[in-house]
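Residues per chain are reported as follows:
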Number of protein chains: 2
Amino acid sequence: MTKSETCPEFGRINEVLARVGDRWSVLLVISLARHGVSRFNELKHRLGISQRMLSVTLKALERDGLVLRTHYPVIPPKVEYALSEMGLSFHAAVDALGYWAVDNLEAIDAARAQYDSGRTEEQAD
Amino acid sequence: MTKSETCPEFGRINEVLARVGDRWSVLLVISLARHGVSRFNELKHRLGISQRMLSVTLKALERDGLVLRTHYPVIPPKVEYALSEMGLSFHAAVDALGYWAVDNLEAIDAARAQYDSGRTEEQAD
DNA sequence: CTGTATCCGAGTTGATACTG
DNA sequence: CAGTATCAACTCGGATACAG
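Residues numbered from 1 in each chain as written. Chains lettered and ligands numbered in written order. Predicted model: local features only at pLDDT ≥ 70, side-chain atom pairs only at ≥ 80, totals over all residues. Heavy atoms only, no water.

Concerning the protein's contact with DNA strand D
Right, so step 1: As a structural note, the neighbourhood of DNA strand D is formed by 18 residues, with R52 and M53 of chain A together with S55, R69 and Y81 of chain B the closest of them.
Right, so step 2: The protein-proximal atoms of DNA strand D, defined as those within 4 Å of the protein, are 63% sugar or phosphate.
Right, so step 3: Backbone polar atom of N41 of chain B to a phosphate oxygen of DNA strand D: 3.0 Å apart, as the coordinates give it.
Right, so step 4: In the environment of DNA strand D, a sugar or linking oxygen lies 3.4 Å from a nitrogen or oxygen atom belonging to the backbone of P77 of chain B.
Right, so step 5: Broken down by secondary-structure element, the contributors of at least two residues to the surface near DNA strand D are helix 4 (51-63) of chain A together with helix 3 (40-47), helix 4 (51-63) and strand 3 (78-83) of chain B. (Near = heavy atom within 4 Å. Polar contact = N/O pair within 3.5 Å; in protein donor to acceptor, adjacent residues only side chain to side chain. Helix = DSSP H or I, 4+ residues; strand = E, 2+ residues; numbered from the N terminus.)

What about the nonpolar core?
Right, so step 1: Membership of the largest hydrophobic core comes to 62 residues, with the highest contact counts inside it found for F90 and W100 of chain A together with F90 and W100 of chain B.
Right, so step 2: Contacts of F90 of chain B, omitting those with residues within four sequence positions, involve L97 and W100 of chain A together with V20, V29 and L66 of chain B. (Core = buried A, V, L, I, M, F, W, Y, C linked by side-chain atoms within 4.5 Å. Buried < 20%, exposed > 50% of the residue type's maximum accessible area, 1.4 Å probe, protein only. Contact = heavy atoms within 4.5 Å.)

With respect to the side chain of R112 of chain A
Right, so step 1: When you line up the elements, R112 of chain A lands in helix 5 (residues 85-122).
Right, so step 2: Once you skip the residues sitting within four places of it in the chain, R112 of chain A turns out to touch E15, R19, R63 and D64 of chain B.

Looking at the sheet that holds strand 3 of chain B
Residue and element names in this part refer to chain B.
Right, so step 1: As summarised here, the arrangement of the three strands in space is 1-3-2, forming an open sheet in which the pairing is antiparallel. Strands at the two margins of the open sheet, each flanked by one partner only, are strand 1 (38-39) and strand 2 (67-72).
Right, so step 2: As judged from the two bridges shared by strand 1 and strand 3, these two strands associate in the antiparallel manner. By the bridge assignment, R39 is partnered in strand 3 with E80.
Right, so step 3: Those strands touched by helix 2 (residues 23-35) are strand 1, strand 2 and strand 3, and its axis lies near 95° from that of strand 3. (Pairing = 2+ DSSP bridges. Axes fitted to C-alpha atoms, helices over the stretch in contact; angles between N-to-C directions.)

This is the structure:
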């Protein structure tokens, strides 16, 4: 684990965020919050995620207690995924970040444009 | 960019979050918020980050307008980094996530322990 | 349908060395 | 002190094939 002991100051927080803050986890949580209980292939399609990553991410999220898995012993198999209470609270925090992103999209683009134009002048050789 | 078009449902937001939501960016913003204006090596030590990643992340953050860079033309060189207004607002959102992580550390550990113990029983062959 | 196992290319990160 | 360049190691994600 290269990331477990980044620095004493952040320690576990960083670890948790690293685990639960990756791209697919976040997307999965948002998607589950929006669409409610969903099935495997449903999520797969909705997110455009590979089976492998969906399986891996879902399992990690389940292990961390953010996602609830319900397996119906029928044929063909049927499994439903839903957010737990903790998953819901996590979504709230993530959503805040999402809103921030929306609110600051323009500002970021502007900052980038300005930064890039500044650099362009310099490399005008 | 492999991540730009994850899925039509999330688009740009996902892109921004991917850019600004990575491990080092988050840590850097938190650290700058806590300790205020900081210098390069100061951050390097504080976070236990490599020169390369610090340089890369700082530059990206500066380009996105989250971090302000002040370069003093003295010898030896002195450069100070600080959060911009946008960086501050980003920190607010990120902090919420940090608090969530702190608040749910125990619950996550518990969930993991339970999940793992459940699996241990099963593989008792 | 819901997964798991394997292979493999691509992107990321860190160590090291060097510059201003 | 504050970076940048380069290279090797590692991780991640996707495709594929197979299993329950």
